[in-house]
Amino acid sequence: LAIAPGEIGSGARDIFFRGGAFQLQAALFWCLHMSLLDVAKQPPPAKELPKLVGKLMHAFDNMKKYAKFLPLKKLAVLKETGRSEYFFNWIEHPDNGEYWQKRECSSYGKIAQPTYFFTGWYDILLGGTLDNYKRMKEGGGPEEVKKNLKLLVGPWIHSVDLPQKAGEMNFGIG
């Protein structure tokens, strides 16, 4: 038995506040994507479904418009759908304080399974995946687990769900 965490941050904050700057487009994309998944898992009443999905898809198609909306704390597409309340928590806590520290992974020593990390050189979460690997190598679990710790970094970007192009490089379908 093994685990294979891939393309992951080492903490919730480093996913959307890379280098301290809020990554609005990444956060908006994530929230819209998660909202659609949430609708699929927990749909509203049937008569409300087309309107809700239409609103979310419109936001996807017009992401640049929504990314320019101010103030962010009143971003209508996320407020009205009620599916991404965490977005508003993120923008209320821009500093790396208690809110984010509670969400940090600090239990590397409790992981008892061999672990195979994977990420891409052009993955937006490359740093987080490497950090997790390093933390586990230095302080995680029993020696047997550390001995069986693996890392794969390949020539790709973050996800098969996203365009496979980074700059001039097109990696095709993974």
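Our structure is the block above this text.
What comes next is a walk through the structure.

Calculation criteria
- Residues numbered from 1 in each chain as written.
- Predicted model: local features only at pLDDT ≥ 70, side-chain atom pairs only at ≥ 80, totals over all residues.
- Heavy atoms only, no water.
- Salt bridge = Lys/Arg side-chain N within 4 Å of Asp/Glu carboxyl O.
- Helix = DSSP H or I, 4+ residues; strand = E, 2+ residues; numbered from the N terminus.
- Buried < 20%, exposed > 50% of the residue type's maximum accessible area, 1.4 Å probe, protein only.
- Core = buried A, V, L, I, M, F, W, Y, C linked by side-chain atoms within 4.5 Å.
- Contact = heavy atoms within 4.5 Å.
- Expected span 1.5 Å × (residues − 1).
- Arc of directions from axis to C-beta.

### Quick look at the pattern of salt bridges
Close approach of charged atoms allows side chains with opposite charge to pair. If you walk through the whole model with that rule in mind, you get six salt bridges. Of the charged contacts, one joins Arg83 and Asp38 as a salt bridge, the two residues approaching to 2.7 Å between their closest N and O atoms. In this pair, Arg83 is assigned in the loop between helix H5 (76-81) and helix H6 (85-92) and Asp38 in helix H2 (residues 24-41), connecting sequence segments 45 residues apart. Residue Lys55 pairs with Glu80 through a salt bridge whose shortest N-O separation is 2.5 Å. A residue pair is termed long-range when its members are at least 10 positions apart, and Lys55 in helix H3 (residues 49-61) and Glu80 in helix H5 qualify at 25 residues. Classification of Glu80 as exposed rests on a relative accessible area of 53%.

### Regarding the nonpolar core
Core analysis: the largest hydrophobic core is formed by 23 residues, its most contacted members being Leu28, Leu32, Leu75, Val77, Leu78, Phe87 and Trp90. Among the secondary structure elements, those contributing two or more residues to this core are H2, H3, helix H4 (63-67), H5, H6 and helix H7 (98-101). With six residues, the single largest contributor to this core is H2. Not counting chain neighbours up to four residues away, the residues in contact with Phe87 comprise Phe22, Leu24, Ala27, Cys31, Leu72, Leu75 and Leu78. Ranked by size, the runner-up nonpolar core spans six residues in total, among them Tyr108, Ile111, Phe117 and Val145.

### Regarding H3
Each α-helix winds once per 3.6 residues, and so residues spaced three or four apart point in a common direction. Across its 13 residues, H3 extends 18 Å between first and last C-alpha, which sits within 8% of the 18 Å expected from 1.5 Å per residue. All buried positions along H3 are accounted for by Leu52, Leu56, Ala59 and Phe60. One side of H3 carries all its buried residues, which in axial view fall inside an arc of 110 degrees. In H3, the exposed residues that point more than 90 degrees away from the buried face are Pro50, Lys51 and Asp61.

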